Amino acid sequence: MHFFEALKKWFVAVMPSSEEESLWLVGSEAGGLSSGHHHHHHHGDHHHHRAGVRMAGHLYTEEMQQQQQNNSQQPGSIAMAAGHNNSTSSGGNNAGSAGSVSGTASGQQAVAAVVADSAEHDLIDNSSDATLLAQFHEDAIKQAGVGYFQALAAFYVGLCLAADTVEFFVVPYILPSAEVELCIEDSEKGWLGNITLMGLALGGICWGGLGDRLGRRRSLLSAMAVHALFSGVATFMPTYGTFMTTRFCSAVGVGGSLPLAFAYLAECCPRSSRGKWIGMLVGAGALGGVYAALLAWAVVPTTGEMVVLENKEHFSAWHRFLLFCCLPALCATVGLIFLPESPRYLVEAGRDVEAMMVYQKIYKKNNAQKSAAGAQYQLSELELPNKRPRGLAPPSPANHNTSVLADIMCSIEMFWSSFLELFSAPHLKVTVVLLVIWSATAFGLYGLMVWCPEYLKLLRSIEYENHTKSLVGEEYVGQTFSGSLENLKYKDSKFQNCKFSKIIFSHVDFDNCTFQSVEFSSIKSSKTHFTDSIIVDSKFIDTDLSAQVFTRCKLENNTELSLSGPCPTLDLDYNIYIEEALHGHLVAQLSFVPAAALAGLALTVLQRPKMIGVSLFLSSIVSLCLLLVSTNSTAVLGFEGGFIAIFAIAWTALTLVTVECYPTHLRCTGFGLMAACIRISGLIGTATYQTLVGAPLVAPALLTAAALLIASIATLELPQTHSVFL
């Protein structure tokens, strides 16, 4: 600790002042601003120089106010010194920069007033003045350009969103294997998926709040590190309780990816290309579902017999599957280490020098060839307005000698105040509208995403039962059965001096049958039942036939030499139908990817609320087509793909609107609230739609149509955000 404190003091001591660092950042060819300020510095003292810089910020504010009062210029025409530097050479604009520093007589009076009350430069309340930072950031990120840096950032934060999707989709793939190894009862199965959604909801709120306090990149890196750690630990958990605990902690970690990833990338892009990159991120999240499905197809057992055999291994297939599912999170965590903090957050927090270094880094990444030729980024923190909007409070109490508990309480108070600010003017209306829309859309989406695979499984099980072979009144004497007996129903049959050896019973029923001197050895069973039967003078050697498979049976003079397994009450259904889940998930996610990318491109020219409203209305109509699928599996998959393709347009546009609706100091907190709303509504949706799997098709169709229709109507209250500066 002493070493780090000494290092910190040394760093503060040797750090140049903001003026010196600005000159270093801008370089010798930065143009008139750096030359003008450097010249001014030689003709006056240091205080005079800072007054000149403050006056430049004040003139910037006056220009903004005058523009809004007269409405004589376009909003994007508020120029900064960098705008003049870009259009002139370094030797031809010294007079212009000096003029911006010296000012007019009224400007000098303003400087005196500003110096007299310097606190006003730190906090402002005027909403029009607060937009200055957003406009500065927009001009700065425009000059930095769009290219390699945005692609790299999109790749790494896209991996975070892919990990988020993987976290949700792994449950149906690992459940059959985990059920055998962890002895999961039927009443406990649903909690594997529910605990994941609850963790994602909690993570969205917590990490979203931290994103506005500590920074987007720092919070996202911490969240993904937590997720990568606990998802890896969950792979080795030996019991149901410990596995559920680690899965919950893993979900809490990755739950922060939704608000933080979109906010980070949106703030690293200019307004004109913001929609395109957000569409790519939504598609990247869907690719996580594709990755999980393909990985499950290659690794996870697809039949019950394979599950039982795999369970004998020390490190079975579902453990390996979970390890491979950690790869997106691990890659994202490593990649985020090399990304800078969001420059918009740094500007808002008053960390001007760091913000300018990030802008310069983005410029160099996107203009590697120009930088090699000697081109320089033209902005410095000297062009920034000196005032800061209220919002980003210090992360700890002013007294640095306070206890850790005081720091924690201060952080909780700041988070609570930000949370309450979402439900006060001027954010109350947009928060309520977004909550309604996200709740309805998540309810329908998550519900159908669960219903379609489950309905496909139901169709397969009905088809399986229709092929059941019934054997009535049969008599078997001295016969040996081996291999497997599947989907059979024996009724009023007799077995005498027979032998069932090394055999698998799968969906076999013995109803009112008689077993005389029969040997059962090396038996594996699934959904096998003996009802109203008589079993006498028989042997049971190494079988998993527990007492619960015998219903109203007469057992006399039998010998049992079987060792009970670790889960004596478990009756695993060997018909796990993993392939149906794979098909349903693949179709949905593959439809989501291109639709999200195209929606992102459309967002560059179309208005957001109209896109969302039309997409949700069309999705509501398409959901009624569910009535036409009947019992055709191909039709179910076709319906799912078409519905998701239309629905993805609304989901992508709504994501962008959520980012744009909140100011910088509430952006991640607001999106985190929406992320929690999505997960809770998804939890309710999955629970509701699972009860409708065996119901008439009109029930899920009307429920989905009603939810999406409500959401489409609510979009009429959404604000127009296509011209918003972040």
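Residues numbered from 1 in each chain as written. Predicted model: local features only at pLDDT ≥ 70, side-chain atom pairs only at ≥ 80, totals over all residues. Heavy atoms only, no water.

- An unreviewed UniProt entry lists the protein under the name Major facilitator superfamily (MFS) profile domain-containing protein, from Nasonia vitripennis.
- Turning to the protein, the UniProt annotation filed under Sequence similarities (unreviewed entry) states: "Belongs to the major facilitator superfamily."
- In its Subcellular location (unreviewed entry) section, the UniProt entry covering the protein states "Membrane". (UniProt positions renumbered as here; feature names shortened; annotations may be inferred.)

Some remarks on the overall build of the protein
Item 1. For the protein, the count of helices and strands is 27 helices and 13 strands.
Item 2. Each of the 726 residues in the protein was classed as buried or not, and the buried ones make up 52%.
Item 3. For the protein, restricting intrachain contacts to residue pairs at least 6 apart in sequence, the fraction spanning at least 24 positions comes to 69%. (Helix = DSSP H or I, 4+ residues; strand = E, 2+ residues; numbered from the N terminus. Buried < 20%, exposed > 50% of the residue type's maximum accessible area, 1.4 Å probe, protein only. Contact = heavy atoms within 4.5 Å.)

Re the state of the cysteines
Item 1. The tally for this structure, following the rule as stated, stands at 0 disulfides.
Item 2. C553 forms no disulfide, and the closest cysteine sulfur to it belongs to C513, at a distance of 9.4 Å.
Item 3. Residue classification places C553 among the partly exposed positions, given a relative accessible area of 21%. (Disulfide = S-S within 2.5 Å.)

Side note on the nonpolar core
Item 1. With 159 residues, the main nonpolar core has F321 and L434 as its most contacted residues.
Item 2. Of the residues forming this core, the biggest block, 19 residues, is contributed by helix 9 (residues 148-181).
Item 3. In contact with F321, other than residues within four places in its own chain, are V170, Y173, I174, A292, L295, A296, V299 and V300.
Item 4. One finds Y490, V508, V518 and V549 within the second-largest nonpolar core, a separate group that totals 24 residues. (Core = buried A, V, L, I, M, F, W, Y, C linked by side-chain atoms within 4.5 Å.)

Quick notes on the packing of aromatic side chains
Item 1. According to the stated counting rule, one finds 37 aromatic pairs in the structure shown.
Item 2. Summarising the aromatic geometry, the rings of Y476 and F495 are spaced 5.0 Å apart at their centres and angled 15 degrees between planes, so their arrangement reads as stacked. With Y476 in strand 2 (residues 475-477) and F495 in strand 4 (residues 494-496), this pair connects stretches of sequence that are 19 residues apart. Just as Y476 is buried, F495 falls in that class too.
Item 3. Following the ring pairs from residue to residue traces out a cluster consisting of Y476, F481, Y490, F495, F500, F505, F510, F515, F520, F530, F540 and F550. (Phe/Tyr/Trp six-rings, centres within 6.5 Å; stacked < 30°, edge-to-face > 60°.)

A short note on the packing of helix 22 (residues 428-466) against helix 27 (residues 698-714)
Item 1. Two elements in contact, helix 22 and helix 27, have axes separated by 8 Å at closest approach and are oriented at 155 degrees. Between helix 22 and helix 27, the interaxial angle falls into the category roughly antiparallel. Read as a crossing pair, helix 22 and helix 27 show a hand that is left-handed. Counted together, V433, V436, I437, A440, T441, F443, L448 and W451 of helix 22 and P700, L703, T704, A707, L708, I710, A711 and A714 of helix 27 form the full contact between these two elements.
Item 2. Within the contact of helix 22 with helix 27, the residues separate by chemical class into 14 nonpolar, 2 polar and no charged. (Axes fitted to C-alpha atoms, helices over the stretch in contact; angles between N-to-C directions. Parallel < 35°, antiparallel > 145°, perpendicular 65-115°, else oblique. Left-handed = near helix turned anticlockwise from the far one by under 90°. Nonpolar A, V, L, I, M, F, W, Y, C, P; charged D, E, K, R; others polar.)

Describing the side chain of S521
Item 1. Within the fold, S521 resides in strand 7 (residues 519-526).
Item 2. If near-sequence neighbours (up to four positions away) are discounted, S521 is found in contact with K499, F500, S501, K502, I541, D542 and T543.

A word on the pattern of salt bridges
Item 1. Per the stated rule, a full pass over the model turns up 16 salt bridges.
Item 2. K491 is paired through a salt bridge with D511; the nearest N and O atoms lie 3.4 Å apart. With K491 in strand 3 (residues 480-491) and D511 in strand 5 (residues 499-511), this residue pair connects regions lying 20 residues apart in the sequence.
Item 3. It is possible to trace a salt-bridge network through shared partners that takes in D212, R216, E267 and R667. (Salt bridge = Lys/Arg side-chain N within 4 Å of Asp/Glu carboxyl O.)

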